[in-house]
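Summary of structural features
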Amino acid sequence: MIVGLNDHGLVSASPLHSPADPGRKPRTALVLTGGGARSAYQVGVLSAIARFVPRDAPSPFRIVTGMSAGAIVAAAVACHSARFREGVVALERVWRNFHSDQVFRADASSMLRSGLRWALALLSAGRLAKPPESVFDSSPLRSLLERHYDFGRMRAAMRDGHLDSLAIAASNYRTARSIAFIESRDELTERAQHWQRGVECDLSVSHLMASSAVPFLFPAVRLDGEYFGDGAMRQIAPLGPAIRLGADRLFVIGVRDTPSTPDIAATDRTPAPSLGQIVGFMLDTLFIDSLHAGLAQLERINRLVEQSAVRSPEGLRRIEPMVVAPRANLSEIAARHARAMPRSVRALLRTMGAANAGGSELLSYLLFESSYTRELIALGKEDANERRDELQHFLGLPAAVNAERTSRARFAPAVTSLPTHATPLALAR
């Protein structure tokens, strides 16, 4: 029995897994939330962790789950589970050198054609032209993923015992439900089949494209006759897939900082929020709020188990979480790199009213440019290195790895910025 999250986001006892064998090493899951270009921060945290493990060692994460852009990072980790450091180095190389045209068509002609089609569809009420499926054409991202991702390598890692499961979340537009597409080792397959929101399949680049298809911005992806979009939509239980797949520990890398409180209160002169500001707010809510709720719920269940005089009360057991999240405001960082965006995209953002400080939230999700991603990667490394001992203990990494600490690194203080009530940092004893 495990403590899980049912289809309504509530905690329930699930019969999918039996209690952990006391002699078995705890199974750690990597949980990556969505965040568009903000996922560069996740790459930075993983890059620091890769330096904590021996050079040719396998991944410390037996279960990997992700949604939206976090799914793209998660799949890269899973595909290189046999040689974790090697995989993270390759992943960082891609993210350090990102440009928008590797993710979506951002050239002037493509943006002009899309704009004209929108205008013609609007003026003719859809009779002369249908509106585009999305604001951006994400076919460059598919080409990039097809060049760099080898799911056969992931299956080999599963056969060799380096990886148990990979789960990618995507949202079904017809049923309005978030689905976890799961590929697991043979002995876990039957258990996964009993979960209504889990679909066993052979994962592919199409699943990653579906999971990262941000509504309105990127087109929906067809899978098995159904259309799917961003995995963060309707995702009321982001920790659910990892828990259902038998994780004993959850290592969560968030991409949300703590918003600063304005010093000046609103006045009659305060302008109404622009379309770009509203879209940025919607994306922030879409990607983050359910994670806070899931962590808070898990913390309450852990306290219940600790305070109970009965072992595994109501079939529940303790699941240890650890969260790493940015110590800096990513929107403010994005604003400093706004001019790195292609001119055509900047023009679109100005049209949406997202070219000012209020629109930096949206910019922080779309800024797939190397100057921005490199700064987020560096921030992720700093935050992870500041908590190096804590991370090594939580992930069960050998103390001998401490010898690999580089003397040239100098790191600024870092703090986990999730709200106090939603930041369970208890470590496995």
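The preceding data block contains the structure.
The structure contained in this document is the topic of the report that follows. (Residues numbered from 1 in each chain as written. Predicted model: local features only at pLDDT ≥ 70, side-chain atom pairs only at ≥ 80, totals over all residues. Heavy atoms only, no water.)

1. A closer look at the overall build of the protein chain
When its secondary structure is counted, the protein chain shows 15 helices and 11 strands. Taking all 429 residues of the protein chain together, 56% fall into the buried category. For the protein chain, the proportion of contacts with a sequence separation of at least 24, taken over those separated by at least 6, is 78%. Total accessible area computed for the protein chain in this model is approximately 19400 Å², and 54% of it derives from carbon and sulfur atoms. (Helix = DSSP H or I, 4+ residues; strand = E, 2+ residues; numbered from the N terminus. Buried < 20%, exposed > 50% of the residue type's maximum accessible area, 1.4 Å probe, protein only. Contact = heavy atoms within 4.5 Å. Areas by Shrake-Rupley, 256 points an atom, 1.4 Å probe, with all protein chains shown as cover.)

2. Observations regarding the pattern of salt bridges
With the rule as written, the count across this model stands at 17 salt bridges. Across the pair Glu 299 and Arg 303 runs a salt bridge, and its minimum N-O distance is 3.8 Å. Within this pair, Glu 299 and its partner Arg 303 are both found in helix α10 (residues 275-307), separated by four residues, close to a single helical turn. Linked through salt bridges whose partners overlap, the residues forming this network are Arg 27, Arg 62, Asp 164 and Arg 185. (Salt bridge = Lys/Arg side-chain N within 4 Å of Asp/Glu carboxyl O.)

3. Quick notes on the pairing of strand β9 (residues 226-229)
Looking at chain direction, strand β5 (residues 165-172) and β9 are connected through two bridges and run antiparallel. Bridging from a neighbouring strand, Asn 172 pairs with Phe 228 of β9. Across three bridges, strand β8 (residues 221-223) lies against β9 in antiparallel orientation. Directly across from Arg 222, in β9, lies its bridge partner Tyr 227. (Pairing = 2+ DSSP bridges.)

4. Looking at helix α1 (residues 40-50)
In terms of burial, α1 is largely enclosed, as 11 of its 11 residues are buried. For α1, the full list of buried residues reads Ala 40, Tyr 41, Gln 42, Val 43, Gly 44, Val 45, Leu 46, Ser 47, Ala 48, Ile 49 and Ala 50.

5. Digging into the packing of aromatic side chains
By convention here, two paired aromatic rings are described through the distance between centres and the angle between planes. In the structure shown here, the tally under the stated rule is 10 aromatic pairs. With a centroid separation of 5.6 Å and 70° between ring planes, the pair formed by Phe 98 and Phe 368 is classed as edge-to-face. In this pair, Phe 98 sits in the loop between α3 (84-96) and α4 (108-123) while Phe 368 sits in the loop between α13 (360-366) and α14 (370-386), placing the two residues 270 residues apart along the sequence. With respect to burial, Phe 98 and Phe 368 carry one shared label: buried. These aromatic residues form a ring-pair network of at least three members: Phe 61, Phe 84, Phe 251 and Phe 394. In this structure, Arg 249 packs its charged tip against the face of Phe 394, placed 5.7 Å from the ring centre. (Phe/Tyr/Trp six-rings, centres within 6.5 Å; stacked < 30°, edge-to-face > 60°. Lys NZ or Arg CZ within 6 Å of the ring centre and 35° of its normal.)

6. What to know about the environment of Leu 397
Take Leu 397: it is sitting in the segment after α15 (388-395). Considering only alpha carbons, one finds Leu 397 and Pro 54, 343 residues apart in sequence, at a separation of 9.3 Å. Contact partners of Leu 397, with chain neighbours within four places excluded, come to Phe 52, Val 53, Pro 60 and Gln 392.

7. Considerations on the nonpolar core
Among the nonpolar cores identified, the biggest contains 84 residues, and Tyr 149, Phe 151, Leu 166 and Phe 251 are the most heavily contacted of them. When sequence neighbours within four positions are dropped, the list of residues in contact with Tyr 149 reads Ile 72, Val 73, Ala 75, Ala 76, Cys 79, Leu 91 and Leu 208. (Core = buried A, V, L, I, M, F, W, Y, C linked by side-chain atoms within 4.5 Å.)

8. A closer look at the packing of α1 against α14
A pair of packed helices can be characterised by two numbers: the angle between their axes and the separation between those axes. Running from amino to carboxyl end, α1 crosses α14 at an angle of 45°, the nearest separation of the two axes being 7 Å. One element, α1, and the other, α14, form an angle in the oblique class. Relative to α14, α1 is oriented so that their crossing is right-handed. Between α1, through Ala 40, Tyr 41, Val 43, Gly 44, Val 45, Ser 47 and Ala 48, and α14, the contact on the second element is made entirely by Thr 373, Leu 376, Ile 377, Leu 379, Gly 380, Lys 381, Asp 383, Ala 384 and Asn 385. A class-by-class count of the residues in the contact of α1 with α14 yields nine nonpolar, five polar and two charged. (Axes fitted to C-alpha atoms, helices over the stretch in contact; angles between N-to-C directions. Parallel < 35°, antiparallel > 145°, perpendicular 65-115°, else oblique. Left-handed = near helix turned anticlockwise from the far one by under 90°. Nonpolar A, V, L, I, M, F, W, Y, C, P; charged D, E, K, R; others polar.)

9. Some words on unusual backbone geometry
Even without glycine at this site, Ala 176 takes up a positive phi of about 55°. Mapped onto the secondary structure, Ala 176 falls in the loop between β5 and β6 (177-184). What makes Ala 176 partly exposed here is its relative accessible area of 33%.

10. Points about the side chain of Ser 59
With respect to the helices and strands, Ser 59 occurs in the loop between α1 and β4 (63-67). For Ser 59, a relative accessible area of 7% puts it in the buried group. Reaching out from Ser 59, the side chain makes a polar contact with the backbone nitrogen of Phe 61 at a distance of 3.0 Å. Those residues in contact with Ser 59 that lie beyond four places of it in its chain are Val 77, Ser 81 and Phe 84. (Polar contact = N/O pair within 3.5 Å; in protein donor to acceptor, adjacent residues only side chain to side chain.)

11. Focus: the packing of helix α2 (residues 69-79) against helix α6 (residues 151-159)
Axis separation between α2 and α6 bottoms out at 8 Å; the angle between their running directions is 55°. One way to sum up the angle between α2 and α6 is to call them oblique. Note on element contacts: α6 touches α2 through Phe 151, Arg 153 and Met 154, opposite Ala 75, Ala 78 and Cys 79. Tallied by class, residues from the contact of α2 with α6 come to five nonpolar, no polar and one charged.

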